[in-house]
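# An overview of the molecular structure
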Amino acid sequence: MCSYAFRPPFASPPPEPKMHTIMQHSIILATSEPQNVLYGIFPVILGSLCLCYIIVRLSSRPARKFVGLPPGAKLRKIHRFESVHEVERLARVMRRFDIDGVVDETSAALGETIIKAGMQVFPNSPFLLILYANFMLEVHKDGPAARTQLQLAGKQAPGLVEKYQVFCTNEASKRLKDSQEGGMDMQAYIEFKRNFRAVLRVHREVLALQAELWQMCMRSSLRVAQVDDALEGLDAAAGRAHQVYKRVLERYPANGKLLRCYGKFLEDVRHDQAAAARAYAEASRSVGNALLSLDLACGAEAGANVGGPKRPEFVTSMSIEDDAVVVIDAEGTIMMVSQAVQSVFGYSKSELEGANVSVLMPQPFCQRHPGYMQRYVSSGEPHILDTVRELVALHKDRYVLPIHLGVTKLSGMGADGVFLGVIRPQPRSFTTLRVWLSPNGVILCTDQAFSSAVGFVEGDLVGHTLSSLVSGSPEAL
């Protein structure tokens, strides 16, 4: 028996999926795919970090062979290096720092041993010579040893990149030498002043936050949240300032002025008395100020060779230990002084540095000196530079003393000029009385011998005429 199914001609076709249903499925897929990617990326990142850690640990395992070696061990037989890059990779074990950012001594010794072992395996490799030069420069602060390694690297036919590395390391060595020996040119001095201003700026910010915190604590009502916020801000600012100090001290590790400021920061901000004492001790052992250590004799010869003014022997033969030396800028501000200034004028170094040089001059010279400096800055015409003058100076105890003064320009032009003055007191004479007069006979200043002879105090004589001290007619003078 057969059966047949007939569809009427007017029957409709089967229903097709609706468009909005397809769009809903597309939207669901579009939103779920990024979520799946985000969910899956975190395990991938974590797995990659773990894999990198395992690779680094495995690649640095040969460094353990160099730990605790007996004296006289043959380093080249400890480990068979595959390349110079493996030496550099194993030497990274020295990257351990203390709380002050200084390389740990044990790690530094291990890294140096690895580098020396690599240099025995690859004796003529400029890459390792440059690596060891950077180690000596950055860790041991030994510029001469670093320059020796760079000279050896230059003889081994280095490539273009290695030549650039030699140049950069040489420049870093020169900067270290300048900071340690105090031999700064004007460009280096300007850079130092810029870094020093940055240090003072962050130091002042921390002190300002400290003052705000103490003012807040003096309020009658105070919330704990306010104190927490203030302390967090103070800690963050102190941390930033400490990092700035460390970066600048890496560049100028033997600068006494910078070390004293750092000691003050450690004492007042971080309250670390032991570290502050070490900083002060290092500052006292500083080899001297940069500008005071210039070789003025060589500068005199150089100036004469190029046709410039020749510095007098009075200046070139100065002694930092015995002569009173003062360095000022174009505004007359004392930048630095030698230790002998205290014995001549009675002022300490801290009292004079930052003050105007006019404090060392009696009336009326102290009032006229800024005009002299301004005239030189505007016209560039020197009047007393590279000459020796017989003048008078003012002691801290307010008495006048005769001196010989020699002034020379160290560097800079116009408002950027830096000047050095050498001061030597004239020997006291018991048979000579000195008085300095203006053209019209008015007394400008006198020495102690003259004022004692006429029975006046030195300050009382200023402004009087010499004829007023003479009994009888002025013609007798």
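What comes next is a walk through the structure. No experiment lies behind these values; they were computed from the predicted model shown.

Counting residues in hydrophobic clusters, the biggest one holds 29 residues, and the most contacted among them are Phe81, Ile114, Ile115 and Phe135. Of all the elements in the fold, those that place two or more residues in this core are helix H2 (84-90), helix H3 (105-121), helix H4 (126-138), helix H5 (143-154) and helix H6 (160-181). For this core, the leading source of residues is H4, giving nine residues. Sequence-distant contacts of Ile114, defined by excluding residues within four places in its chain, comprise Ala63, Phe66, Phe81, Val87, Leu90, Ala91 and Val93. With 26 residues, the next largest nonpolar core counts Val202, Val206, Leu266 and Ala279 among its residues.

Now for the packing of H4 against H5. Two elements in contact, H4 and H5, have axes whose closest approach is 8 Å; the angle formed by their N-to-C orientations is 170°. The angle between H4 and H5 places the two elements in the roughly antiparallel class. Between H4, through Pro126, Leu129, Ile130, Tyr132, Ala133, Met136 and Leu137, and H5, the contact on the second element is made entirely by Gly143, Ala145, Ala146, Gln149, Leu150, Leu152 and Ala153. For the contact of H4 with H5, the per-class residue count stands at 12 nonpolar, two polar and no charged.

Among the secondary structure elements, Glu138 is positioned in helix H4. With 35 residues separating them along the chain, Glu138 and Ser173 place their C-alpha atoms 9.4 Å apart.

Within strand S1 (residues 324-329), five of the six residues are buried, which leaves the element mostly enclosed by the surrounding structure. Between the antiparallel neighbours S1 and strand S2 (residues 334-337) lie four residues, among them Gly332 with a positive phi of about 90°.

Our next topic: the pattern of salt bridges. Counted by the stated rule, this structure contains five salt bridges. A salt bridge links Glu88 to Arg92; the nearest nitrogen and oxygen atoms lie 3.1 Å apart. Relative accessible area serves as the criterion here: at 40%, Arg92 is assigned to the partly exposed category. The salt bridge partner of Asp268 is Lys264, with a shortest N-O separation of 3.7 Å. Of this pair, Asp268 and Lys264 both sit in helix H9 (residues 256-268), separated by four residues, roughly a single helical turn. Overall, Lys264 belongs to the partly exposed group, its relative accessible area being 42%.

The rules behind each value
Residues numbered from 1 in each chain as written. Predicted model: local features only at pLDDT ≥ 70, side-chain atom pairs only at ≥ 80, totals over all residues. Heavy atoms only, no water. Core = buried A, V, L, I, M, F, W, Y, C linked by side-chain atoms within 4.5 Å. Buried < 20%, exposed > 50% of the residue type's maximum accessible area, 1.4 Å probe, protein only. Helix = DSSP H or I, 4+ residues; strand = E, 2+ residues; numbered from the N terminus. Contact = heavy atoms within 4.5 Å. Axes fitted to C-alpha atoms, helices over the stretch in contact; angles between N-to-C directions. Parallel < 35°, antiparallel > 145°, perpendicular 65-115°, else oblique. Nonpolar A, V, L, I, M, F, W, Y, C, P; charged D, E, K, R; others polar. Pairing = 2+ DSSP bridges. Salt bridge = Lys/Arg side-chain N within 4 Å of Asp/Glu carboxyl O.

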